[in-house]
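# Structural description and commentary
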Number of protein chains: 2
Amino acid sequence: MPTAGRVLDHPARADIRLESVLHALSDPARLQVVRFLAELPPGEEVACSAIDLAVTKSTTTHHFRVLREAGLISQVYRGTAKMTALRRADLGALFPGLLDAVLTADAAQRHRSAARQDG
Amino acid sequence: MPTAGRVLDHPARADIRLESVLHALSDPARLQVVRFLAELPPGEEVACSAIDLAVTKSTTTHHFRVLREAGLISQVYRGTAKMTALRRADLGALFPGLLDAVLTADAAQRHRSAARQDG
DNA sequence: TTCTTAGTACGATATACGCCGTAGTACGCA
DNA sequence: TGCGTACTACGGCGTATATCGTACTAAGAA
């Protein structure tokens, strides 16, 4: 019998709130996670540990929870790992173009920062 | 001679950060302000008092400051009023499509809420 | 069973946020 | 000068956030 304590709950598509999504994306660490997931082939999942955040593991757990509760990512246990994927379909259906716009904006900002560094 | 204490400082275009913009937009009251400003003809300014938020004036002041410091709006004193406008050009140059995507997402979410109410 | 790996839960702390009320300032007008 | 309007500044309050460290649990391998 499956371990009840290891089931994670996610908001249904209809319960995903724009404000929560924007708030979740407004933290650099969480934006980094989303950027990482967005670069994977659609549908692909990775373990939390595949993403190297500049914070401790417990803080990482916290950020993943914020992303999950906002509806940005889905997570399932797979052995010892917890696999994470972007909820592209849900986000695309609710807020068409939003995720792309944020990722494009992020890429542009990062590009500008890099250019400034290079002088 | 102009009163020094009444000059408001705004971040330069290059200093506007995506994270701050997303954070500013993640509050319902501030999103309401941006929605209101976005519906005006481009370049048009309004006084703070033209936007009716469900909070006190001091809280309104707070939200306007957050929006200004994030680079979303510009504000200038014009007599006793403080005129506010969306920084469309700066936002469009830095993060093309972002503002539209957020406003579209907000409109869609509001539309869904209304539909749910109507049954 | 023991060890390792992956992630969680909990408690603590410092800071930020959203909100309010009161008191104050700047400007325009009578 | 005095008054009203528009907005600000400050202090307080309660909650949320970001962070950490330590202790813990689940699953798999030796």
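Residues numbered from 1 in each chain as written. Chains lettered and ligands numbered in written order. Predicted model: local features only at pLDDT ≥ 70, side-chain atom pairs only at ≥ 80, totals over all residues. Heavy atoms only, no water.

### As for the sheet that holds strand E3 (residues 81-86) of chain A
Residue and element names in this part refer to chain A. Here is the rule we go by: DSSP bridges decide pairing: two strands pair if at least two such bridges lie between them. A run of H or I in DSSP counts as a helix once it spans at least four residues, and a run of E counts as a strand once it spans at least two, with each numbered from the N terminus. Any two residues whose heavy atoms approach within 4.5 Å at even a single point are treated as in contact. Every angle, taken between N-to-C directions, lies between 0 and 180 degrees, and every axis is a line fitted to C-alpha atoms, over only the stretch in contact when it is a helix.
Strand order in the open sheet formed by three strands is E1-E3-E2, with antiparallel pairing between adjacent strands. The outermost strands of the open sheet, each flanked by one partner alone, are strand E1 (46-47) and strand E2 (73-78). Each of E2 and E3 touches helix H3 (residues 57-70); the most contacted strand, E2, lies at about 120° to it.

### Notes on the protein's contact with DNA strand C
The condition is simple: Any residue with a heavy atom lying within 4 Å of a molecule or strand is counted as near it. Whenever a nitrogen or oxygen atom comes within 3.5 Å of another N or O atom, the pair is scored as a polar contact, on the condition that within protein one atom can donate a hydrogen and the other can accept it, and that pairs from neighbouring residues in sequence are kept only if both atoms are in side chains. Residue type decides the class: Asp, Glu, Lys and Arg count as charged, Ala, Val, Leu, Ile, Met, Phe, Trp, Tyr, Cys and Pro as nonpolar, and the leftover types, Gly among them, as polar.
Residues in contact with DNA strand C amount to 24 residues; listed here are only the nearest, Ser-49, Lys-57, Thr-61 and Lys-82 of chain A together with His-63 of chain B. In DNA strand C, atoms within 4 Å of the protein come 73% from sugar and phosphate. Residue Thr-61 of chain A places a side-chain N or O atom 2.6 Å away from a phosphate oxygen belonging to DNA strand C. Contributions of two or more residues to the surface near DNA strand C are made by H3 and E3 of chain A together with helix H3 (57-70) of chain B. Each residue belonging to the surface near DNA strand C can be placed in one class, and the counts come to five nonpolar, 13 polar and six charged.

### Structural notes on the UniProt feature "domain: HTH arsR-type" (unreviewed entry) in chain A
We count it as follows: UniProt positions are given in the numbering used here, feature names are shortened, and annotations may be inferred rather than shown by experiment.
Feature annotation in UniProt places "domain: HTH arsR-type" (unreviewed entry) on residues 10-106 of chain A, given in this structure's numbering. The span residues 10-106 of chain A is 52% helix and 14% strand, and its two end C-alpha atoms sit 26 Å from each other.

### Here we look at the sheet that holds strand E1 (residues 46-47) of chain B
Across a sheet, paired strands are connected by hydrogen bonds in the backbone, their directions being either parallel or antiparallel. Residue and element names in this part refer to chain B. Taken in spatial order, the three strands make up an open sheet running E1-E3-E2, and their pairing is antiparallel. Edge positions in the sheet fall to E1 and strand E2 (73-78), since each of these pairs with one other strand and no more. With respect to the sheet, helix H2 (residues 28-39) is in contact with E1, E2 and strand E3 (81-86), its orientation differing from that of E3 by roughly 80°. Strand contacts of H3: E2 and E3, with the helix running at about 120° to E2, the strand carrying the most contacts.

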